[in-house]
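Descriptive analysis of the structure
Listed here are the chains, written in short residue letters.
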Amino acid sequence: RSLKKKFLIIMDVLVESDTGSLRVVRGDCMVDEVLRMIVGARYISYFYLMDGRRKMKNDEIVLPSRIIYRIRFRKSGLMGGKGGFGAMLRSMGRSSGGQKTTDFGACRDLKTGQRLRHLNDEISLDRWHQARKRKEEVKSSPHVPSWIDAPNVRKTKKEIRDAAASRDWREEERLAKESGAQLRTFVGRVTMIDTVRFGFCVVDSECYVPWSSNANDSDDWSKNLRIGDKLQIDAVFKQKGRNQWAAYKAVRINKDSRANASISTKDSRANASLSTKETLLPDPEDAVAQGLRVLKEKKKIKKTKPQQKTCQIMKILNGMAHLDNFCARGASDFPTIAIDIQISNCGKWFYCVRLRTSGIFQIGWAMHNFTGGNEQNGDGVGDDQLSFAYDGCRGLAFNGPDSAKAYGDQDQSWQANDYICAFLDLDERQIRFSHNGKDLGLAFQYTHGLNDDINSVSFFPAFSLEDEEALEIVQDHSSVLTEGYRSIFAR
């Protein structure tokens, strides 16, 4: 109010104190003179005068007119104190015990003034809504089945064995016939027996025979069954798994009855003599089976060191698996296996695998800081942002939680003996896959994790597979069209 009175006496200028504007009614003066009279000579450098939207210079003349002039405060040049706020905080920390903490939730954001814990809660809630929206979009997609987003609950091997042991072969036969699946009846020889838990055997290397399918209650397989014995099998075709057939009914064939039934002569004495000779002569099929068993034992004994070194190219990151001569087979729910070769800097690289079974695999690439996922949650390669994977059984590609997208041939899933190649282009930062030589197109264009430096990260081949699923690393790529890509084994 005193400034207003002083200004009116000297220049007859009307000052509107509520908006900071003024109107000159008579007299000519410079801009700096007006500012000096209003704010003082000491603070004249912190203010300026506005003519409408134009900033006026200090040497301009303010003419008497009906134009409204406004005084504005400069944002820069504010005089500050001597500081000491950080020192005060440090002294308060020492006086309170000096314990270091990472809980800064009580701190406030400088822009909004909110507590950091409240801001973090809002961010978490927003991410939850985004994840829920993505799940709804995946469920409503016509190319992706809705069950992929359901909780991935897998039964343990013990639960599966206990459930199989509690069922009777009659119930299994009824379920197999009601399912409408392909059935088969044949006679085969036992090629493998579970000697640890005595729960199953394998016939002709392709039929899984659980001991609950034994239709002869008087025949104790745990004591009498041997490799090479003949079984009459009633089996059902399996869509997935290492073995193509699963027996629901099996009976061991008696050798003596077969020998006696095959003899037919007119003379009873000749019949008895021939029967005696038949029992003394060895069965050719039994002799072949015995020779195969001996040969297998010799191969186990004559394992050389170079064969053991070939397994060192792969390592298990999570779970349990059997590694042997560039082959891998799952031995737990969802193990993750890596090929111990690091790819970095630049170039185009690829590797190829041959599927021995047609189950669920997640094949791809992983960054150097990938740890292998969480087997208990069913996570493997592609289930976090540090890895990229393709699953041809379900026709999906993965790169992080809730990131499943349709990829590959949606009409036909991969089968046993198919060849899958994973390609990595470090120059263009692209990842693609091929199925039996057919390019499936671009799967991922990655950008995260590199900090704009292409040399700051390295990749290694990795894959995850379900229990009893198997694949083989292919080293001979003469039949694979690579188009400028180099094999990881050519480094």
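This write-up is about the structure you can find in this document. (Residues numbered from 1 in each chain as written. Predicted model: local features only at pLDDT ≥ 70, side-chain atom pairs only at ≥ 80, totals over all residues. Heavy atoms only, no water.)

Overview of the pattern of salt bridges
When their charged atoms lie close together, side chains carrying opposite charge are able to pair. Across all of its chains, the model carries 13 salt bridges by this definition. Here E472 makes a salt bridge to R356, at a shortest N to O gap of 3.9 Å. Here E472 is found in strand β26 (residues 470-474), whereas its partner R356 is found in the loop between β17 (348-355) and β18 (361-367), with 116 residues between them in sequence. Across the pair D391 and R394 runs a salt bridge whose closest N-O atoms are separated by 2.5 Å. Residue class for D391 comes out buried when judged on its relative accessible area of 0%. Within the structure, one salt-bridge network assembled from shared partners comprises D51, R54 and E60. (Salt bridge = Lys/Arg side-chain N within 4 Å of Asp/Glu carboxyl O. Helix = DSSP H or I, 4+ residues; strand = E, 2+ residues; numbered from the N terminus. Buried < 20%, exposed > 50% of the residue type's maximum accessible area, 1.4 Å probe, protein only.)

With respect to the nonpolar core
Counting residues in hydrophobic clusters, the biggest one holds 39 residues, and the most contacted among them are I339, I363, W365, F433, F459 and F463. Each residue touching I339, except ones within four places of it in the same chain, is listed here: I313, M314, Y351, F460, P461, F463, I473 and I488. (Core = buried A, V, L, I, M, F, W, Y, C linked by side-chain atoms within 4.5 Å. Contact = heavy atoms within 4.5 Å.)

Describing the side chain of R329
Among the structural elements, R329 can be located in strand β15 (residues 327-330). Reaching out from R329, the side chain makes a polar contact with the side chain of E468 at a distance of 3.2 Å. (Polar contact = N/O pair within 3.5 Å; in protein donor to acceptor, adjacent residues only side chain to side chain.)

Focus on the sheet that holds strand β10 (residues 207-210)
With mixed pairing, five strands are arranged side by side around a closed barrel as β8-β9-β10-β12-β11. Shown here is a sheet whose adjacent strand axes are inclined to one another by a mean of 50 degrees, direction ignored. The pairing of β10 with strand β12 (residues 245-252) spans two bridges and is parallel. Bridge assignment links Y208 to a residue of β12, and that residue is A246. (Pairing = 2+ DSSP bridges. Axes fitted to C-alpha atoms, helices over the stretch in contact; angles between N-to-C directions.)

Honestly, it's all geometry; don't read function into it.
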